[in-house]
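Observations on the model geometry
What follows is the residue order along each chain.
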Amino acid sequence: MNFLFDGRSYTGLPGDTLAAALLRNGVRIVGHSVDLGRPRGVFSAGSEEPNALVQVGADPMVAATTVELHEGLTARSLRGRGRVDPAAADERRCDKGYLHADVLVIGAGPAGLAAALAAGEAGARVILVDEQPRPGGDLLNSRVVLDGAPGQAWAASAAARLAMLPETRILSRTTAIGYYDHNYVVAVERRPGGERLWHLRARRVVLATGAHERSVAFPGNDRPGVMLASAARAYANRYGVLPGRRAVVFACADSGYEAARDLAAAGAEIAAIVDPRGGPDRVTGVVTGVVTGVMTGVVTGTTADGDGVLDGVLVGDRLVEADLLAVAGGWSPVVHLFSQSQGRLRFDEELQAFVPHLSAQAERSAGACRGVYGTAAAIADGLAAGRQAAELTGFAQPVPVPRVPESDEPEPSPPAALWVCGDDPAASFADLHRDVTVADLARATGAGLSSAEHVKRYTTAGTGADQGKTSAVPGVVAALLGTGPGTTTFRPPYTPVSFATLAGRDRGPLSDPIRVTAMHDAHVARGAVFEDVGQWKRPWYFPLPGETMEEAVERECRAARTGVAAMDASTLGKIDIRGRDAGLFLDRVYTNLYSTLPVGSCRYGVMCTADGMVFDDGVTSRLADDHFLMTTTTGNAAQVLDWLEEWHQTEWPRLEVAFTSVTDHWATVAVAGPGARRVVAAIAPEAVDLPFMTFTEFAHGRVFRISFSGELAFEINVPWPYGRAVWERVLELGAVPYGTETMHVLRAEKGFAIVGQETDGTVTPQDLGMGWIVSRRKPDFVGKRSHARPDTARTGRKTLIGLDTHVPEGAQLTLDGRMVGHVTSSYPRAVLAMARGVGEGQRLVAHDGGREIPVTVVAPVFYDPENLRRDGDPFVQGGVSSFEPVRHSPAGNFAARFEAASKERVRLREVPFVPMWEVRGQDPGRGLRLGPAWWLVTGERPEGGVEVSGQRTVLEISGPGAREVLLTGCPIDLHPSVFTGHAQTSLAKAGVILERVGQDAYRIYVRSSFAAYLSEWLLDALTAYVASFRK
Amino acid sequence: MMLIECPHCGPRDENEFRYGGQAGVAYPERPAELGDEEWAAYVFMRDNPKGWFHERWFHTSGCRTWFTVHRHTVTHEIRP
Ligand SMILES: [Zn+2]
């Protein structure tokens, strides 16, 4: 395999990491340190690497020890920190996925494999997550013999047994990076095309994350050629690479002897073994013959050649020539995830390491990560942990428990309690990645810092990409302070994660759900400019070729004031309210009266929160004695429905009333202007003579005579499928399309306040000059008592005013240098503001950045204050043609793309125009139960059903890969044993009802406004799935 | 991300729910008869314990049911 490093071409072998391949080619210097720019070499053989950080592709800073070599790999060494190149093309296609398990095992070393086997063979659903390309953990690096065969054979056979368990899933090349509340673990799977972020939820977790060998702080311990003993052993055993020809082993722990033996077996000369623990009794059988003697003592320094690469090791006054110094400083159990789970650690004096102490979650550590060293002991511990996890999740043991194999390893003996040695603290590195020396730490403790957390912040030790995994900092600080080692909090992520990985497929048009109306494609075709209102795309204005925004808005306004204009008002929230007590309920949540509203009439209402502040407004119409249709503002639709249900469920459950969202069911076309009757007559002749604030039914829906512009206006409501046809017809009849900007101009000119524009949660109806809408007759409504609170009842509050001068929205207003308010809405002919203690005719100063603009207070009505325009032009009888609208389904445009993308393993289609009903109260005996006393019924109309056929459409995904596609965006457990029927949940962040309709087939009931977004998302998910399946 | 047991739908991720604050704060029967202090106590004042807290949740993305749980505000342990 050919690869490029710093522009030079090299050859490596399949299975090499980039670090192994560089060592294979004799590359000793792989980068320069972050602050001091010192030459550095490969230090470890895993993700704990502090030195060998390189740039690969768009990834500015990755550990060469974790990069798998592939043909044509191009990497660069770093000088200092990596830098993101914003211009670099990132070709990755990252993804995410949600999985659930009874038992999640993290780490596939001896303990993890054993735990997964014990739990899996007991019948539990097991997920085994492991960082390496294949299971085995340290067995891949070692020459340990288990039951007379290489340890790797044991690992391979365990993995083969796991592969036969249908409910066990092994995620290789996958690093668990975060452990959150309630056994929620996030892991990153490295795939050739781009990472996948796994969201894992498990009833029990077994942590089998192993241990990191750690460094010792001695002078010159950062030179290329100084390496962890376990890493030297891994390069020799696993990759067949000799990291040096003549080695000194600094054996503070027994792993040094194992490294010496394996290096010698691979052909290296062992120049010396230095063991601070003492004499020949440490030389176990395994190293006999490798070295003549063991030096008792410590390494006190190193020497280097002209490039800074190691060429000698100082032990006291003796210099030993060597090009490799293998440091076995002892082991740090990998307690990061345990600590993230809020588990408490303790320091073990014998192991000289932090080990798990008290668990905070449904978790247990096994093997080296809890200080249980030795392969056989780790396997035994893993088996116990797996068996326990299975039992605790309801899987007793009908099967024989796997046996613990015999190991040829000697009994481990305690490591030396040595963290720092030599006498040049400024050259002794405690944190290689951050270039923090013993002298730096001494400065911190000398300055009076006595906690590990403070020392970390003062020196930056442990804050690098490697989080100090191999560093000697805790022990050095303890030695400086003369106390026991203190640990800092381990925080996610365990290894660095790129933002591209976190984003997954949520990029560009899929970065957030988008809602569109039934008329959206027509708006696009007309060249509308859109604005985002919540998740909605709303036409902002409709420019003609060559028109500026100002010109377009002026033209649209003129049409609405002098002719006829039309707006897509479908985004307004709509709630169907039914039940004997519906009127009474509305009396309690609105400030004004609804129980007295005649059937067939509409009334504008304001809702307050309990503190008396305006929460939402809209028009509610009485369809029948026990039946109302409420409209809400676009932005508050969901909150208002929540609000109504909260009061009903938690305070007034005895009121007989039910709420159904019909926002997406009804498409709404507002027709405004003195000529509106002519247009409406051609669609709904029965609406022509409607009095103001009434409505009528017509062949395809309802027409309401309500106005938000001061002009004669109608709102035509038709079910979603007819929305586009009605819109096109209205425009054919001569109405000029207008957008939200013109809507705002028209309403501001009339002085109508907008919730969220003039209000901000501190404004009462009275502040808006709308005391007239606050009932004095009703004994109570939500917010009433607060209107009598001293602060809301006082004079001198900010109230709605008008200004005579066009000053920018947000400008502050002052009177005699005192702040009195701010501008809330501003258009050339209408400026609204909220200000306190000012009256008409008063002169104020508006502040726009540095500019001071004199303004005069005027009444907040700029157009037709006498309301003479409301009834428009009389209707002149004309040729009225019949109107037969065509239907469009929400995902109708996707039919051809669905067809083209459907493959054998996954198929996608829309099932359009399914008649749907929501039923409350009585069980209809069919359909999908959505909640207590709540059903969705398809087909024939059930008794008391609210029609919602336009509210949702049905997308169907089927085939053996359907579940794998869905789990990239659906957080609930879709396992066939759990997900048997249906659920209301989210898919790709959009609310859906998901129904399993066959072995491999699902129906997705999605709100019509989300259908286009979800269709795009599903197509993207399907493409990603098909691509990954091919690999 | 917490896992919250909805009494109707079973365990679901926290982000399917809306938080409803302290449980058991009833709307006063006759607000008009309350003094300003008492009314302000209802509107604005809530407990904020370190430890077990009886609180309300609303399953917005699921069955749209309000329910209460006891949650430990330090450990996030949840029980019915
Ligand atoms: Zn629920």
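Residues numbered from 1 in each chain as written. Chains lettered and ligands numbered in written order. Predicted model: local features only at pLDDT ≥ 70, side-chain atom pairs only at ≥ 80, totals over all residues. Heavy atoms only, no water.

1. Notes on the overall build of chain A
Along its length, chain A carries 22 helices and 58 strands. For chain A, the spread of C-alpha atoms along the principal axes amounts to about 115 × 70 × 55 Å. Residues classed as buried in chain A amount to 59% of the 1031 residues present. Counting contacts in chain A only where the partners sit at least 6 residues apart, residues at least 24 apart contribute 65% of the total. A total of about 39,600 Å² of accessible surface is found on chain A, and carbon and sulfur atoms cover 52% of it. (Helix = DSSP H or I, 4+ residues; strand = E, 2+ residues; numbered from the N terminus. Buried < 20%, exposed > 50% of the residue type's maximum accessible area, 1.4 Å probe, protein only. Contact = heavy atoms within 4.5 Å. Areas by Shrake-Rupley, 256 points an atom, 1.4 Å probe, with all protein chains shown as cover.)

2. Here's the deal with the domain arrangement of chain A
Taken domain by domain, chain A comprises domain 1 (1-89), domain 2 (93-212 + 333-392), domain 3 (217-328), domain 4 (421-481) and domain 5 (893-914 + 949-1028). Computed from C-alpha atoms alone, the centre-to-centre distance between domain 1 of chain A and domain 5 of chain A is 41 Å. (Domains from an automatic or database assignment.)

3. Describing the nonpolar core
Across soluble globular proteins, nonpolar side chains show a tendency to be buried alongside one another. All names here are of chain A. Within the largest apolar cluster, 68 residues are counted, with the highest numbers of intra-cluster contacts made by Leu18, Tyr235, Phe250 and Leu325. Setting aside residues up to four positions removed in sequence, Leu18 forms contacts with Phe3, Val54, Ala64, Val67, Leu69, Leu73 and Ala75. One finds Leu510, Leu908, Leu974 and Trp1017 within the second-largest nonpolar core, a separate group that totals 56 residues. (Core = buried A, V, L, I, M, F, W, Y, C linked by side-chain atoms within 4.5 Å.)

4. Concerning the interface of chain B and chain A
Across the boundary between the two partners, chain B contributes 32 residues, which contact 34 residues of chain A. Summed over both sides, the interface of chain B with chain A buries roughly 2,900 Å², with 48% coming from carbon and sulfur. Counting the surface chain B buries against chain A, the share from its top three residues, Met1, Tyr27 and Arg64 of chain B, is 23%. Linking chain B with chain A are seven salt bridges. Salt-bridge contacts for Arg785 of chain A lead to Asp36 of chain B; the nearest nitrogen and oxygen are separated by 2.7 Å. The interface formed by chain B and chain A includes 23 residue pairs in polar contact (both at pLDDT 80 or more). Only β2 (10-13), α1 (36-44) and β4 (52-58) of chain B provide two or more residues apiece to the side of chain B that touches chain A. Examining the composition of the side of chain B that touches chain A, we find that five residues originate from one element, α1 of chain B, more than from any other. (Buried area = accessible area lost by both parts, 1.4 Å probe. Salt bridge = Lys/Arg side-chain N within 4 Å of Asp/Glu carboxyl O. Polar contact = N/O pair within 3.5 Å; in protein donor to acceptor, adjacent residues only side chain to side chain.)

5. Thoughts on the coordination of the zinc ion
Residues and elements named next belong to chain B. Distances from the zinc ion to its protein donors, namely Cys6 (SG), Cys9 (SG), His59 (ND1) and Cys63 (SG), fall within the range 2.0 to 2.4 Å. The coordination sphere of the zinc ion comprises four donor atoms, whose angles at the metal cover 102 to 122°; the geometry is tetrahedral. Taken in chain order, the donor set of the zinc ion reads C-x2-C-x49-H-x3-C. Remark: His59 occurs in the loop between β4 and β5 (66-72) and Cys6 occurs in strand β1 (residues 3-6); sequence separation between them is 53 residues. (Donors = N, O, S within 2.8 Å, 3.2 Å for Na, K, Ca; no water. Tetrahedral: all angles 85-135°; square planar, octahedral: opposite > 155°, others 65-115°.)

6. Comments concerning a negative patch on the surface
Residues and elements named next belong to chain A. A cluster of acidic side chains, namely Asp305, Asp307, Asp311 and Glu321, defines a negative patch on the protein surface. As for its placement among the helices and strands, Asp305 is situated in the loop between β21 (301-304) and β22 (310-315). According to the relative accessible area criterion, Asp305 is partly exposed, its value standing at 35%. (Patch = residues over 30% accessible without salt bridge, like charges linked within 9 Å, V, L, I, M, F, W, Y side chains within 5 Å. Lys, Arg positive; Asp, Glu negative; His and termini not counted. Charge placed at Lys NZ, Arg CZ, Asp CG, Glu CD.)

7. What to know about the environment of Asp305 of chain A
Sequence spacing of Asp305 of chain A and Cys421 of chain A is 116 residues, and the spatial spacing of their C-alpha atoms is 23 Å. Among the polar contacts listed, one links the side chain of Asp305 of chain A to the backbone nitrogen of Asp307 of chain A, at a separation of 2.9 Å.

8. Observations regarding the side chain of Thr968 of chain A
Residues and elements named next belong to chain A. Examined against the element boundaries, Thr968 turns out to sit in the loop between α21 (962-966) and β56 (982-987). A distance of 2.7 Å separates a polar side-chain atom of Thr968 from the backbone oxygen of Val965. Beyond its immediate sequence surroundings of up to four residues, Thr968 is in contact with Asp95, Lys96, Gly97, Tyr98, Arg196, Arg505, Trp1017 and Ala1021.

9. What to know about helix α7 (residues 375-392) of chain A
All names here are of chain A. The end-to-end C-alpha distance of α7, which contains 18 residues, comes to 26 Å, matching closely the 26 Å that a straight helix rising 1.5 Å per residue would cover. Along α7, the residues that are buried comprise Thr375, Ala378, Ile379, Asp381, Gly382, Leu383, Ala385, Gly386, Ala389 and Ala390. Buried residues along α7 sit against β8 (95-106), α2 (110-121), β10 (145-146), α3 (151-163), β15 (196-207) and β28 (363-365). Positioned one or two residues after α7, Gly394 has a phi angle of 95°, which is positive. (Expected span 1.5 Å × (residues − 1).)

10. Remarks on the packing of helix α13 (residues 549-562) of chain A against helix α18 (residues 740-749) of chain A
Residues and elements named next belong to chain A. Closest axis-to-axis distance for the α13/α18 pair is 9 Å, and the angle between their directions is 55°. It follows that α13 is oblique to α18 by the angle criterion. Here the hand of the crossing between α13 and α18 comes out right-handed. When α13 is examined against α18, the residues Met549, Val553, Glu556, Cys557, Ala560 and Arg561 are found in contact with a partner set consisting of Glu741, Thr742, Val745, Leu746 and Glu749. Looking at the contact of α13 with α18, its residues break down into six nonpolar, one polar and four charged. (Axes fitted to C-alpha atoms, helices over the stretch in contact; angles between N-to-C directions. Parallel < 35°, antiparallel > 145°, perpendicular 65-115°, else oblique. Left-handed = near helix turned anticlockwise from the far one by under 90°. Nonpolar A, V, L, I, M, F, W, Y, C, P; charged D, E, K, R; others polar.)

11. Some words on the confidence of the model for chain B
Of all residues in chain B, 100% attain a pLDDT of 70 or more, and the chain-wide mean is 97. Per the prediction output, this complex has pTM 0.95; the corresponding ipTM is 0.98. (pLDDT = per-residue confidence, 0-100.)

12. Side note on unusual backbone geometry
All names here are of chain A. Residues Pro492 and Pro493 are joined by a peptide bond in cis, for which omega reads 0°. Along the chain, Pro493 turns up in the loop between α10 (473-481) and α11 (499-503). For Ala988, which is not glycine, the phi torsion reads 55° and is therefore positive. Mapped onto the elements of the fold, Ala988 is located in the loop between β56 and β57 (990-998). The class of Ala988 is buried, set by a relative accessible area of 6%.

13. With respect to the sheet that holds β5 of chain B
Residues and elements named next belong to chain B. What the four strands build is an open sheet, ordered β3-β4-β5-β6; its pairing is antiparallel. The sheet is open, and its two edges are formed by β3 (18-22) and β6 (78-79), each paired on a single side. Bridge count for β5 against β6 is two bridges, and the pairing is antiparallel. Bridge assignment links His70 to a residue of β6, and that residue is Arg79. (Pairing = 2+ DSSP bridges.)

14. Description of the packing of aromatic side chains
This structure, assessed with the given rule, holds 25 aromatic pairs over all chains. Of the aromatic side chains, those joined through ring pairs into one cluster are Phe585, Phe615, Trp643, Trp647, Trp652 and Phe659 of chain A together with Tyr27, Trp39 and Tyr42 of chain B. Positioned above the aromatic ring of Tyr494 of chain A is the side chain of Lys469 of chain A, whose terminal nitrogen or guanidinium carbon lies 4.4 Å from the ring centre. It is Arg56 of chain B that lies over the ring of Trp66 of chain B; its NZ or CZ is 4.5 Å from the centre. (Phe/Tyr/Trp six-rings, centres within 6.5 Å; stacked < 30°, edge-to-face > 60°. Lys NZ or Arg CZ within 6 Å of the ring centre and 35° of its normal.)

15. Some thoughts on the environment of Val105 of chain A
Mapped onto the elements of the fold, Val105 of chain A is located in strand β8. Between the C-alpha atoms of Val105 of chain A and Ala377 of chain A, which are 272 residues apart in sequence, the distance is 17 Å.

16. Looking at helix α5 (residues 255-265) of chain A
Residues and elements named next belong to chain A. The buried count for α5 comes to eight of 11 residues, which makes it a mostly enclosed element. Within α5, burial applies to Ser255, Gly256, Tyr257, Ala259, Ala260, Arg261, Asp262 and Leu263. Following α5 by one or two positions, Gly267 adopts a phi angle in the positive range, close to 110°.

17. Focus: the packing of helix α16 (residues 676-683) of chain A against helix α17 (residues 720-732) of chain A
Residue and element names in this part refer to chain A. Where α16 contacts α17, the axes come no closer than 10 Å and their chain directions differ by 135°. It follows that α16 is oblique to α17 by the angle criterion. α16 and α17 meet at a crossing whose hand is right-handed. Between α16 and α17, the residues in contact are Val679, Ala682 and Ile683 and Val726, Arg729 and Val730, respectively. Residue composition of the contact of α16 with α17, by class: five nonpolar, no polar and one charged.

18. Section: the pairing of β22 of chain A
Residues and elements named next belong to chain A. Across four bridges, the pairing between β21 and β22 is antiparallel. Counted as the bridge partner of Thr303 is Gly312 from β22. Between β21 and β22, which follow one another and run antiparallel, lie five residues, and Gly308 among them has a positive phi close to 90°. Of the pairings in the sheet, the one linking β22 to strand β23 (residues 318-321) comprises four bridges and is antiparallel in character.

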